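# An overview of the molecular structure
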Amino acid sequence: MSDPPDLDGVRHEYVNAGGLRTHVALAGPEDAPPIVLVHGWPQNWWAWRRVIPGLAERFRVIRA
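On a predicted model such as this, the values are computed, not experimentally measured, just so you know.

Right, let's talk about the pattern of salt bridges for a bit. Inspection of every chain in the model, using the stated rule, returns 1 salt bridge. The partner of Glu 13 in a salt bridge is Arg 11, with the nearest N and O atoms 2.3 Å apart.

In structure tokens:
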């Protein structure tokens, strides 16, 4: 598996849930109200790349 592309202000983590390794993209202040972005199939977190920076100014963006 290759590394996800870079986007300023976005940190990538991987969560193991019941044997499934899932990528999570995080942006914005950790203490800000959370907002979860969900993409459809077959997109991935990159589909939100133009939306994340604006939302991260006010929210903790979690793209799971």
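Next comes the rest of the account.
Taken as a whole, this structure holds 1 aromatic pair when the rule is applied. Ring centres of Trp 45 and Trp 46 lie 5.3 Å apart, and the angle between their planes is 80°; this geometry places the pair in the edge-to-face category.

Before going further, it helps to examine the nonpolar core. Of all hydrophobic cores here, the largest spans 9 residues; its members are Leu 7, Val 10, Ala 25, Ala 27, Leu 37, Trp 45, Ile 52, Ala 56 and Val 61. When sequence neighbours within four positions are dropped, the list of residues in contact with Ala 56 reads Ala 27, Gly 28, Pro 29 and Val 61.

A word on the environment of Gly 40. Note on placement: Gly 40 falls in the loop between strand E3 (34-37) and helix H1 (52-55). Distance in space between the C-alpha atoms of Gly 40 and Gly 19 is 22 Å, their sequence separation being 21 residues.

This brings us to the sheet that holds strand E1 (residues 10-17). Read across the open sheet, the 4 strands follow the order E1-E2-E4-E3; overall the sheet is mixed. The open sheet has two free edges, formed respectively by E1 and E3, since each of these has just one partner strand. Each strand axis lies, on average, 25° off the axis of its neighbour in the sheet, ignoring direction. In the sheet, strand E2 (residues 20-27) pairs with strand E4 (residues 60-63) via 3 bridges, with the strands oriented antiparallel. Opposite Ala 27, over in E4, you have Val 61 as the bridge partner.

Criteria and cut-off values
Residues numbered from 1 in each chain as written. Predicted model: local features only at pLDDT ≥ 70, side-chain atom pairs only at ≥ 80, totals over all residues. Heavy atoms only, no water. Salt bridge = Lys/Arg side-chain N within 4 Å of Asp/Glu carboxyl O. Phe/Tyr/Trp six-rings, centres within 6.5 Å; stacked < 30°, edge-to-face > 60°. Core = buried A, V, L, I, M, F, W, Y, C linked by side-chain atoms within 4.5 Å. Buried < 20%, exposed > 50% of the residue type's maximum accessible area, 1.4 Å probe, protein only. Contact = heavy atoms within 4.5 Å. Helix = DSSP H or I, 4+ residues; strand = E, 2+ residues; numbered from the N terminus. Pairing = 2+ DSSP bridges. Axes fitted to C-alpha atoms, helices over the stretch in contact; angles between N-to-C directions.

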